[in-house]
Amino acid sequence: MNNLNIPKTLQDAIENERLVLFIGAGLSIGSGLPSWGKIVEEILGENEQYIDNSHAYITALNAKIMSPLEVLDKLSEHKKIIYKSFEKILNRPTSSSEIHASLGRLTKRFVTTNFDTLIESNTDLTNVITHESNYNLSKIDDDDEYVVKIHGDISRVDKCIIFSEQYDSLYQHEQLATFQLKKLLSKYNFLFVGFSFNDPYVKELFDYVSSMLEGYGPKHYFVSDNDVNIEHLESININDYAKLNSFVDNLLSFKPSAESVIAADSETPKDKFIKDIDGSDRAPTVKGWVGRGKELSILHSDTFKVIFITGIGGEGKSALASHYIAEEEQYSLTDWRDFKEEDHKFQHKIASMIQRVDPTINAKELMGLSDEELVDLFFLKLGQKKALFVLDNVDSYIDLENFEPVNGVGYLFYKAIELDHNSKFMFTCRPFIRFASVEFYQLSLSGLTEKNTIDFFLNSATNISKDKLEIYAKRAFELTNGHALWLSLIIAQSHRGEKSLIAFLDKIESGISIDENDSTILSKNVLSNIWTSLHERDRLLLRTLAESVVAESTEDYAEILRSELNYNQYQKALKALRNFNLVVEKRGSNYIELHPLVKEFIRKNYQTSERNKYISLIATYYDKFIYVLREKLSYKLSFDEFVNFTNKAELSINAGDYQNAINSLWEVHDSMVAAGYNEEFLRVGKLLLSSITWSKKRIDQFENFYLLMAYIIRCLVEYGDDEYALKFIEKYESLINNKEEAYIRLCDIKSYRYWFKCEYPRAINVCEEAIYLLEKGNQEDKFSIAHTLALAQRDSGESEEIHKALEYFRGTTSLEELLSTEKITRSGNGPMLGNIGKCMYLMGDLEKALICYTKSYYCLFESDSHNRLINLGYASFWLAELLLELGKNEVAYYFYRFAFESWSNSSPVLSNRHRSKIEPNSTYRSIYSQELWRVEKYCNDWVKKTLDIK
């Protein structure tokens, strides 16, 4: 068998570690274990004295009148015998399995329907996950090595899926196990080995996922010994299963050796860059490099710990950083993060950087940390490692008044200068930075010199003579002032021949020369002339690339454009764009995107209505994945899963389809914020509210707009982005002419902001006016103004106001019922209990406050509300306050730590506001240094013990 028998996509999956092996019973049978039918037959034969009609069942089984599953269902009253027999048969000693060992070298991701232990006993895999372990199943997204036993493990035979009712429970009433399997099928390439697809439940599940994705998901393969056709699967015929070992050996030839992986990580550019679902966080490939000798010598110097590369768009800031990385070999780790000139991206980026320097850290351990805490943890984990970090396009984190980096990027910048470390940090942006330090250097890029331009042309490998190329190079230099991007686009024309190059230069020259400080001239002089020479299919691909909100792979774009271009047409279009130097290719991957200036040119040349077709193609692609995720939408989804929704919302905003954007954001608002991914939610939420036309007639047409608007403003307030919160409040207020429902909503938004900012009298005043208007008009309180009023009254410090708040929070529930610790369930009203506890505390009744706080924490911990993290933070903080007063300092410090973790992502303002009240001592510092899961476990165990919950 030669490599031509192995599909290219499968080769890539092996090389890029995107392969999951689905192991069926056939592999166990080949290793000496009996088939399912033989197991049932043995059970019947050895227990005939206990099982009536056992011989009749054996006859029906052999004649295929009954299936093994049907026989087992008939024997369900003998479960003890069946379990004991399965245990005895599948625990029989077997010799080591060469095929299992080989497969373990191919990938570390396995899924199987088998109960036996052949996979884990013949590989070094120890992370065995069964269908019943929701905790371990929820971690699959962050695990690179696992054996998922979808039907159970023989070590717990009573939990194995053996009878029809168990199959129905697993597959028809969807469990987390089948949901995670669906996600894996939509994310990775599967290779089915030893699998006959006779299992109707698994086949139905696979058909469901494949038909839903309609070819947009990864390709899956099936190893067979004959030409068999299974829908949605590509069969690989090895003719004889005796050849399976040699087939696997052939697959292993595509697996990089451990030595080459290590070498690549430190010596070659390809594997220096972290792999991610979003290909944006990879350095661009740089071709035909010339010049910049002085700049490179500064970058290679160890004099400066922090370097900013600044200059107008297209001068080669990212290219310079990428070329330097390709040359530099002294760093053990190199990491690239592209901020795409957008804010609200820092937390996800810095979290990924932390995992890069310490791969043992799980993403969920970082949830809830503030920008400052994440940066501090990053430097703690970085230590004295010799690493290089590039933060590309951080323009949105530059204060354009003082021209200094701010927010998360600013804190990282100053810490990188201040702290002792062996690493180098490089930032790129357009604005010049006004900052001075012996540890800092700024490279302000301008155009290439005339000599560099000539070298650039001479290195372009065209058929034009050297003398003529020099003439053309000088002419291009005069037209562009050495602008790197424009020169590369002009050079691409030389590959089409001398006539094309001359004609192109003539067209540019007929316009106006490009001013070194004006990138907008591009649309008239360079790209507009390239555009006219493109084939229609090339324009189709280019316009689709222009609408993407993240870098996608070439395979992704082939799928996105499948309805418009066949594969051959797509490849021709991709080749043409590459030849024109229009595509930015990401190093060591097949991810591609456009330079921001090229993207800007294409978008600005078309009205929104003309762009919708291309945006729709990409949005439809995201829909395939959203469909799978929608079924289990909760705060337990990962960041990368939530981003499918926000990316689609961003595409809809770009298309002017605000209703779809509202729908996408409203669909995930609760769960995404509950998960602590406020930053990404607010990034797109701000984009929506900033893009929409604030006209009452226009906005009234959108379903759920006002609900989403109020929610986004509240999140902005809680996150500390008061500037934008006020901006959108003012925009909404401009739509209101009368004191009707819209005015009541405005009162709700304003009063919450006043309360959150501790301006209690103003909050009470606004609430009382709203309640007066509601009572006057005999209207119900749709916006829970009374609740905000009670919050402000409670926190005002006035005894009379606190009693009013208590009566509101209590409602019709008696205090005896609220204080009862019998029959406590997770479904209790956590926020109400917390608020009542706070009133009790302020009134001096600490014993009753403790009961309410503890019950509140217990109910809130498993809540799926959008306010989960904020409310859990309050419950933990209030518990800590009270426990400290009671002298239980150590317990209090655990709850303080957990409160700050809960608030840091959902509301850094709350975290910062209350953290300063703590005077750290050795006990607190010791608790603060513990892993978050240990702190969480301590708090949960203490609450259960206090409430006597078993």
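About the thresholds
- Residues numbered from 1 in each chain as written.
- Predicted model: local features only at pLDDT ≥ 70, side-chain atom pairs only at ≥ 80, totals over all residues.
- Heavy atoms only, no water.
- Helix = DSSP H or I, 4+ residues; strand = E, 2+ residues; numbered from the N terminus.
- Rg over C-alpha atoms; globule rule 2.2 N^0.38 Å.
- Buried < 20%, exposed > 50% of the residue type's maximum accessible area, 1.4 Å probe, protein only.
- Contact = heavy atoms within 4.5 Å.
- Areas by Shrake-Rupley, 256 points an atom, 1.4 Å probe, with all protein chains shown as cover.
- Lys, Arg positive; Asp, Glu negative; His and termini not counted.
- Charge placed at Lys NZ, Arg CZ, Asp CG, Glu CD.
- Phe/Tyr/Trp six-rings, centres within 6.5 Å; stacked < 30°, edge-to-face > 60°.
- Lys NZ or Arg CZ within 6 Å of the ring centre and 35° of its normal.
- Salt bridge = Lys/Arg side-chain N within 4 Å of Asp/Glu carboxyl O.
- Core = buried A, V, L, I, M, F, W, Y, C linked by side-chain atoms within 4.5 Å.
- Axes fitted to C-alpha atoms, helices over the stretch in contact; angles between N-to-C directions.
- Parallel < 35°, antiparallel > 145°, perpendicular 65-115°, else oblique.
- Nonpolar A, V, L, I, M, F, W, Y, C, P; charged D, E, K, R; others polar.
- Pairing = 2+ DSSP bridges.
- Domains from an automatic or database assignment.

## Here we look at the overall build of the chain
When you go through the chain residue by residue, the secondary structure sums to 48 helices and 17 strands. Compactness check: the chain gives a C-alpha radius of gyration of 32 Å against a globular reference of 30 Å for 950 residues, within 12% of the reference. Across its three principal axes, the chain shows a C-alpha extent of roughly 100 × 85 × 60 Å. Expressed as a percentage of its 950 residues, the buried residues of the chain come to 56%. The contacts of the chain with a sequence gap of at least 6 include a subset with a gap of at least 24, amounting to 72%. On the chain, roughly 41,000 Å² of surface is accessible, and the fraction owed to carbon and sulfur atoms is 47%. Of the charged side chains in the chain, 110 are positive and 140 negative, and the gap between their average positions amounts to 2 Å.

## Details of the packing of aromatic side chains
Summed over the entire model, instances satisfying the criterion amount to 54 aromatic pairs. With a centroid separation of 5.0 Å and an interplanar angle of 75 degrees, the aromatic rings of Phe413 and Tyr414 are classed as edge-to-face. Since its relative accessible area comes to 0%, Phe413 is described here as buried. The positively charged end of Lys686 is found above the aromatic ring belonging to Tyr724, 3.8 Å away from the centroid. If you follow Arg897 out to its NZ or CZ, it ends over the ring of Tyr928, 4.9 Å from the centre.

## A closer look at the pattern of salt bridges
Under the criterion given, the structure shown has 51 salt bridges. Put simply, Glu42 and Arg92 hold a salt bridge, and the shortest N to O gap is 2.2 Å. Of the two residues, Glu42 sits in helix α3 (residues 36–46) while Arg92 sits in the loop between α6 (79–90) and α7 (98–106), which places them 50 residues apart along the sequence. Taking relative accessible area as the criterion, Arg92 reaches 36% and is therefore assigned partly exposed. Here Lys604 makes a salt bridge to Glu600, at a shortest N to O gap of 3.1 Å. In this pair, Lys604 and Glu600 are both assigned in helix α29 (residues 596–604), four residues apart and thus about one turn of the helix distant. The class for Lys604 is exposed, based on a relative accessible area of 64%. You can call Glu600 partly exposed: its relative accessible area is 31%. One continuous salt-bridge network, built from bridges that share partners, spans Asp281, Asp335, Arg337, Lys349 and Arg356.

## Some details on the nonpolar core
Within the largest apolar cluster, 212 residues are counted, with the highest numbers of intra-cluster contacts made by Phe190, Leu582, Phe681, Trp694, Phe705, Tyr857 and Phe895. Setting aside chain neighbours within four positions, we find Phe190 in contact with Leu19, Val20, Phe22, Val111, Leu181, Leu184, Leu185, Lys219, His220 and Tyr221.

## Points about the packing of helix α17 (residues 346–357) against helix α19 (residues 407–418)
How two helices sit against one another is set out by the angle between their axes and by the gap between those axes. In contact at an axis separation of 9 Å, α17 and α19 are set at 40 degrees when each is read in the N-to-C sense. In terms of their interaxial angle, α17 and α19 are classed as oblique. Between α17 and α19, the residues in contact are Phe346, Ile350 and Met353 and Gly408, Val409 and Leu412, respectively. Classifying every residue of the contact of α17 with α19 by side-chain character gives five nonpolar, one polar and no charged.

## Thoughts on the environment of Ser904
Relative to the elements of secondary structure, Ser904 occurs in helix α45 (residues 889–906). In this structure the C-alpha to C-alpha distance between Ser904 and Gly873, which are 31 residues apart in sequence, comes to 9.2 Å.

## Some points on the side chain of Ser751
With respect to the helices and strands, Ser751 occurs in helix α37 (residues 741–756). Overall, Ser751 belongs to the buried group, its relative accessible area being 0%. Excluding anything up to four places from it in sequence, Ser751 contacts Ala763, Val766, Cys767 and Thr788.

## Section: the sheet that holds strand β15 (residues 552–553)
Each strand in a sheet pairs with another by means of backbone hydrogen bonds, the pair being arranged parallel or else antiparallel. Pairing in this open sheet of three strands is antiparallel, and the strands run β15-β17-β16 from one edge to the other. A single partner strand is all that each edge strand has here, and the edge strands are β15 and β16 (583–585). Both β15 and strand β17 (residues 591–594) contribute to a ladder of two bridges, which runs antiparallel. Its bridge partner lying in β17, Glu552 is registered against Ile592.

## Observations concerning the pairing of strand β4 (residues 146–149)
Both faces of β4 are covered, namely the face carrying Tyr146 and Val148 and the face carrying Val147 and Lys149. When strand β2 (residues 109–112) meets β4, the two strands line up parallel, connected through four bridges. Bridging from a neighbouring strand, Phe110 pairs with Val147 of β4.

## Some points on the sheet that holds β2
Spatial ordering of the open sheet is given by β3-β4-β2-β1-β5-β6-β7, a layout of seven strands whose pairing is parallel. Of all strands in the sheet, those with a lone pairing partner are β3 (128–130) and β7 (234–237), marking the two edges. For this sheet, the mean angle separating the axes of adjacent strands, direction not counted, is 25 degrees. As paired strands, strand β6 (residues 221–224) and β7 are joined by four bridges and run parallel to one another.

## Details of the environment of Tyr724
Within the fold, Tyr724 resides in helix α36 (residues 722–733). Through-space distance from the C-alpha of Tyr724 to that of Ile471 is 53 Å; in sequence the pair is 253 residues apart. Setting aside anything within four residues of it in sequence, one finds Tyr724 in contact with Lys686, Ser690 and Leu716.

## Quick look at the domain arrangement of the chain
Once the domains are mapped, the chain shows domain 1 (8–33 + 96–253), domain 2 (34–91), domain 3 (293–444), domain 4 (450–604), domain 5 (628–782) and domain 6 (850–947). Between the C-alpha centres of domain 2 and domain 4 there is a distance of 70 Å.

## Some points on the pairing of strand β9 (residues 333–338)
The buried count for β9 comes to six of six residues, which makes it a mostly enclosed element. Residues Leu333, Asp335 and Arg337 line one face of β9 and the alternating positions Thr334, Trp336 and Asp338 line the opposite face, and both faces are buried. Both β9 and strand β10 (residues 387–392) contribute to a ladder of six bridges, which runs parallel. Its bridge partner being in β10, Asp335 is matched across the sheet by Phe389.

## Topic: unusual backbone geometry
Residue Lys64 is not a glycine yet carries a positive backbone phi of 60 degrees. Within the element layout of this structure, Lys64 appears in the loop between α4 (54–62) and α5 (68–74). With relative accessibility at 72%, the residue Lys64 sits in the exposed group. Positive phi is not limited to glycine here, since Asn581 has a value of about 60 degrees. Within the secondary structure layout, Asn581 lies in the loop between α28 (567–579) and β16. Since its relative accessible area comes to 31%, Asn581 is described here as partly exposed.

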